[in-house]
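# Fold and contact review
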Amino acid sequence: MNRSLNPTVRSCNERAILSLIRQHESMPKAQIAKALSLSAQAAMVNINKLEEDNLLLRGAPLKGRVGQPSVPFRLNPDGAFSFGLKIGRRRFDLILVDLQSNQRASISVEVEEPSVDELKAFLEIHIPQLKTQLEPEPRARVCGLGVAMPFDIWQWQAASDTATNTLSQWQNFDLKGYLESQFDLPVYISNDNNAACCAELSLGNPNNYSDFLYVYLGAFLGGAVVINHQLLEGKSGNAGAIGSMLNADREQLLSQCSLLSLQSEFDKQQLSISVYELTDSQFTEHKRLVQPWLEKAAEAISIAMHNSLSLLDMQAVIIDSPLPSKALQLLKQLSVEAFTKLDSRGLRSCEVSLGICGEKAQSIGSAQLALSRHYF
């Protein structure tokens, strides 16, 4: 395999330092050593190495304290880059992010249905194009390509009345092999909702929950599980597949909780509105149409919360979606109300909050995959 497909993975201590600084934005050596139970010497050696490799930058000394001024360190945004690709039901999203998870460039294309040929045409034009937006030296620091997509994408045919045989192309397509050979980058493929959860872990989670169920209401309902600040992927990377849970009628929850079903309602009413671009004002205007759908979605989410709490006794449930803020707030309220109607004897309640990444969660999370593999 080409050497570029095997970029250096940082040591455990280096990764811990980078993760800690990402969480706090900047920290001096003494605080890093204390937080990670490292000796002053070990912290200094690791930090110096990270600085030498252009992954950390020194800040201005912090004065006004006893002793020598301490120097905070922060991530160098130009220290590494990653591509992220979201393969969605109606769109391909490609983004380029830096080590601080800042989005440097992005491009999207709407599709009637995701096909292999359309994906190839999209990527073969736009990955080289986005790379040219970096100077030659930073361009060499692109550490990989993360892909967020539904596993078994061809099964969408059974979940959607409009899906065609186009989706069957994916069943025998070696996506990872194609991407690595075509673009000479290491490729990391994740369930789309696990990727969205990675975005929440990296950029959100303001309450710093260590254990939570992440719920993402997109084209279909999905989720992910975080234990001790780490994504729990399971043996096949499909942990947290709450859409596959069964309701009282032995139907999968995703069948009653889908943005595609809301889009169908809009289409029946001949409303030229995309559920992925719904605004607060449009939601308010069409609330009588949207609220019954939200109530069904909240019922499904409450069942997922109940089942997950019975297994994991989590601190929180975080709900995210491309829906606008007013609709999300109402979804949260309805989900809590639906949960209180369930028999929850023996369970301990948890907090319910909203995610911050919204429609871009899966795209942003896909770009985190390569960065997390090598640096965090």
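Now for a description of the structure that goes with this document. (Residues numbered from 1 in each chain as written. Predicted model: local features only at pLDDT ≥ 70, side-chain atom pairs only at ≥ 80, totals over all residues. Heavy atoms only, no water.)

### Examining the nonpolar core
Of all hydrophobic cores here, the largest spans 42 residues; its most connected members are Leu 18, Leu 56, Leu 99, Phe 212, Tyr 214, Leu 371 and Tyr 375. Sorting elements by how many residues they give to this core places helix H13 (residues 361-375) first, with 7 residues. When near neighbours in sequence (up to four residues on either side) are disregarded, Leu 371 contacts Ala 80, Phe 81, Ser 82, Val 97, Asp 98, Leu 99, Cys 143 and Phe 376. Core analysis: the second largest hydrophobic core is formed by 40 residues, Leu 213, Cys 257, Val 275 and Leu 354 among them. (Core = buried A, V, L, I, M, F, W, Y, C linked by side-chain atoms within 4.5 Å. Buried < 20%, exposed > 50% of the residue type's maximum accessible area, 1.4 Å probe, protein only. Helix = DSSP H or I, 4+ residues; strand = E, 2+ residues; numbered from the N terminus. Contact = heavy atoms within 4.5 Å.)

### Here we look at the packing of helix H11 (residues 287-312) against helix H12 (residues 325-340)
Running from N to C, H11 and H12 point in directions that differ by 50°, and their axes come no closer than 7 Å. If you check the angle between H11 and H12, you find them oblique. Viewed along their axes, H11 and H12 form a crossing whose handedness is right-handed. For the pair H11 and H12, contact is made by Lys 287, Gln 291, Leu 294, Glu 295, Ala 297, Ala 298, Glu 299, Ile 301, Ser 302, Met 305, His 306 and Leu 309 and by Ala 327, Leu 330, Leu 331, Leu 334, Ser 335, Ala 338 and Phe 339, respectively. For the contact of H11 with H12, the class distribution of residues is 12 nonpolar, 4 polar and 3 charged. (Axes fitted to C-alpha atoms, helices over the stretch in contact; angles between N-to-C directions. Parallel < 35°, antiparallel > 145°, perpendicular 65-115°, else oblique. Left-handed = near helix turned anticlockwise from the far one by under 90°. Nonpolar A, V, L, I, M, F, W, Y, C, P; charged D, E, K, R; others polar.)

### Focus on the sheet that holds strand S3 (residues 72-75)
The strand order across the open sheet formed by 3 strands is S1-S3-S2, and the pairing between neighbours is antiparallel. Strands with a single pairing partner mark the edges of an open sheet, and in this sheet they are strand S1 (27-28) and strand S2 (56-58). By the bridge criterion, 3 bridges tie S2 to S3 in an arrangement that is antiparallel. Across the sheet, Leu 57 pairs through a bridge with Arg 74, a residue of S3. Lying on the sheet, helix H1 (residues 12-24) is in contact with S1, S2 and S3; it crosses S3 at an angle near 95°. In the packing of helix H3 (residues 40-52) onto the sheet, contacts are made with S2 and S3, and the angle to S2 comes to roughly 100°. (Pairing = 2+ DSSP bridges.)

### Brief notes about the pattern of salt bridges
If you walk through the whole model with that rule in mind, you get 14 salt bridges. Among the salt bridges present, the one from Glu 137 reaches Arg 141, with a minimum N-O distance of 2.9 Å. Residue Lys 176 is joined to Glu 180 by a salt bridge in which the shortest nitrogen-to-oxygen separation is 3.1 Å. With a gap of 4 residues between them, Lys 176 and Glu 180 both fall in helix H7 (residues 175-183), about one helical turn apart. (Salt bridge = Lys/Arg side-chain N within 4 Å of Asp/Glu carboxyl O.)

### Quick look at unusual backbone geometry
In this model, Asn 208 sits at a positive phi of 55°, which is unusual for a non-glycine residue. Among the secondary structure elements, Asn 208 is positioned in the loop between helix H8 (192-203) and strand S9 (212-217). The phi angle at Arg 250 is positive, at roughly 60°, despite the residue not being glycine. Locating Arg 250 in the fold gives a position in the loop between strand S11 (230-232) and helix H9 (259-268). Since its relative accessible area comes to 69%, Arg 250 is described here as exposed.

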